[in-house]
Amino acid sequence: MSRPLQVITVCTHNRTRSVLMAGLLERHAADAGLEVAITSTGFIEAGLPPTERTVKLLGRVGVDVAQHRSSRLGSGAPPVTDFVLTAERAHVVSIASRWPELFDRAFTLPEAVERGEEVGPRGDRDVHDWIAALAGGRPSRLAYIDDIGVGQVADPTGGSPAEWRRAFGIIDELTKQLVTLLA
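Residues numbered from 1 in each chain as written. Predicted model: local features only at pLDDT ≥ 70, side-chain atom pairs only at ≥ 80, totals over all residues. Heavy atoms only, no water.

> Would you mind going over a positive patch on the surface in detail, with residue names and values included?
A cluster of basic residues, R53, R60, R165 and R166, forms a positive patch on the protein surface. Looking at the positive patch, the elements that each hand over two or more residues are α2 (52–60) and α7 (161–182). (Patch = residues over 30% accessible without salt bridge, like charges linked within 9 Å, V, L, I, M, F, W, Y side chains within 5 Å. Areas by Shrake-Rupley, 256 points an atom, 1.4 Å probe, with all protein chains shown as cover. Salt bridge = Lys/Arg side-chain N within 4 Å of Asp/Glu carboxyl O. Lys, Arg positive; Asp, Glu negative; His and termini not counted. Charge placed at Lys NZ, Arg CZ, Asp CG, Glu CD. Helix = DSSP H or I, 4+ residues; strand = E, 2+ residues; numbered from the N terminus.)

The structure is reproduced here in structure tokens:
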């Protein structure tokens, strides 16, 4: 690829899961020599810092997100991106309802890894062709709304330390797997 892979990570408030996804994806991509440009966003309010636990968990692995401020996914023109990674199926549905053309590039993080394992590593394939292959065989946008089998990442906000560690561990492992598939 002649330019970095453009990735948007999305969760509801852009203070926890999307920030974890962005930080860990960027870290694992750098370790693998994969060039990515990541934007993290959400659906609610802009200008808020990441949650304290998000900052602490990422800080423990050398990722500093203390200066991050939440941003709100707009409703105008579709964002310029190659790949959208979300925490929940509802996020994919919301994005696809605003910008139908993004549906084939928008996946929950667990879904992207699962589909990537089905189609195999990118290898020598163009990254856009590989992402298109992920969308192949996927339910239509309307059927996707009811597809309760799509993997999601639970929001640990307000949860116990164990729930936070579990969410962090899941996101860490899935972003590693995704980078391995992409590299």
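> Run through helix α5 (residues 127–135), naming residues and quoting values.
For α5, the set of buried residues is V127, W130, I131, L134 and A135. Summarising the axial view, the buried residues of α5 lie within an arc of 150°, below the 170-degree limit, and thus occupy one face. Residues of α5 that are buried sit in contact with β1 (5–10), β3 (83–86), β4 (106–108), α4 (109–119) and α7. Near the N-terminus of α5, the side chain that reaches the backbone nitrogen of H128, with its oxygen 2.9 Å away, is that of D126. Just beyond α5, the residue with positive phi is G137, at close to 80°. (Buried < 20%, exposed > 50% of the residue type's maximum accessible area, 1.4 Å probe, protein only. Arc of directions from axis to C-beta. Contact = heavy atoms within 4.5 Å. Polar contact = N/O pair within 3.5 Å; in protein donor to acceptor, adjacent residues only side chain to side chain.)

> Would you mind going over the sheet that holds β4 in detail, with residue names and values included?
Pairing is parallel in the open sheet, where 4 strands are placed in the order β2-β1-β3-β4. The open sheet has two free edges, formed respectively by β2 (36–41) and β4, since each of these has just one partner strand. For this sheet the average axis-to-axis angle between neighbouring strands, irrespective of direction, equals 25°. Set on the sheet, α4 makes contact with β3 and β4; between it and β4 the angle comes to about 100°. (Pairing = 2+ DSSP bridges. Axes fitted to C-alpha atoms, helices over the stretch in contact; angles between N-to-C directions.)

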